[in-house]
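# An overview of the molecular structure
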Amino acid sequence: MNVPSHAGGRLSWPRWAYVPGEAGGAEADSETLDTAKELVPAAFRGHVPARHPALRYGLALNDRGYFWEAQEVLEAVWAAAPQGGRERILLRACVHIANANLRLRMQRSRSAARLFGDALGELKALSSRKVAAGGDGFVESFPVAALAAQLQAKLDGPELSKGDWIPLGTIVRS
């Protein structure tokens, strides 16, 4: 997935990647994230469109190493997703993964492994849910099985390290 820094003419990449507790004490680039969050409606009706700019931006943030920022944007999309819907479960898994990726950057491998496990649990719950026929929602276009396999491989391997972070947007079919 290629999301340009000017996606929709309004979104730009944050000026830096925020890492809580990192030396220097720089705060998150909230102004940039607020622009993306403003694109999220109070509630999505029926499903979260796979091409929604805030969703795609959140996934792309993760893939560019802006893990904290990705989590923030994806949480905003999750909050607007239909209650009890499949997209809400998938978004929760994506938030866990962005958070785990951040923990890896912070060299907290046990915390990251726990979050990857939580994400895998969400994906397993998602696979047991009834699939909607031919929708254009996020969950219908997302390769859930591929992500679950990637998570399982990370969890089955040796202790996680910084390089074990998981991309989200690059496995999404455009």
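To be clear, the structure that these remarks concern was listed above.
Predicted, not measured: the structure shown is a model, and the values here were computed from it. Residue numbers run consecutively from 1 along every chain, following the written order of its sequence. Given that the model is predicted, a residue must reach a pLDDT of at least 70 before its local features are reported, and side-chain atom pairs must reach 80 or more before they are shown or counted; all residues, however, enter totals for whole chains, interfaces and linings. Water and hydrogen atoms play no part in the side-chain values, which are based on all heavy atoms of the structure.

## Looking at the packing of aromatic side chains
Stated formally: Pairing of aromatic side chains here covers Phe, Tyr and the six-membered ring of Trp, requires ring centres within 6.5 Å, and sorts the geometry by plane angle: under 30 degrees stacked, over 60 edge-to-face, intermediate tilted. Segments assigned H or I by DSSP are reported as helices when at least four residues long, segments assigned E as strands when at least two residues long, and all are numbered from the N terminus.
The full count for this structure, using the stated rule, is four aromatic pairs. On the basis of an interplanar angle of 20° and a centroid distance of 5.5 Å, the ring pair of Trp13 and Tyr57 is categorised as stacked. Of this pair, Trp13 sits in the segment before α1 (30–37) while Tyr57 sits in helix α2 (residues 53–63), placing them 44 residues apart in sequence. Between the aromatic rings of Phe67 and Trp165, the centroid separation amounts to 5.4 Å while the plane-to-plane angle is 55°, which identifies the pairing as tilted. Note that Phe67 is positioned in helix α3 (residues 67–80) and Trp165 in the segment after α7 (144–156), a separation of 98 residues in sequence.

## Remarks on α3
Spelled out, the test is: Multiplying one less than the number of residues by 1.5 Å gives the expected span of a helix. A 1.4 Å probe rolled over the protein chains alone gives each residue an accessible area, and that area as a share of the maximum for its type sets the label: buried under 20%, exposed over 50%, partly exposed in between. The contact definition used throughout considers only heavy atoms, calling two residues in contact when any of these lie within 4.5 Å.
For α3, built from 14 residues, the straight-helix expectation of 20 Å at 1.5 Å per residue is met to within 8% by its first-to-last C-alpha distance of 20 Å. Across the 14 residues that make up α3, a large majority, 10, are buried. Buried residues along α3 sit in contact with α1, α2 and α4 (86–105).

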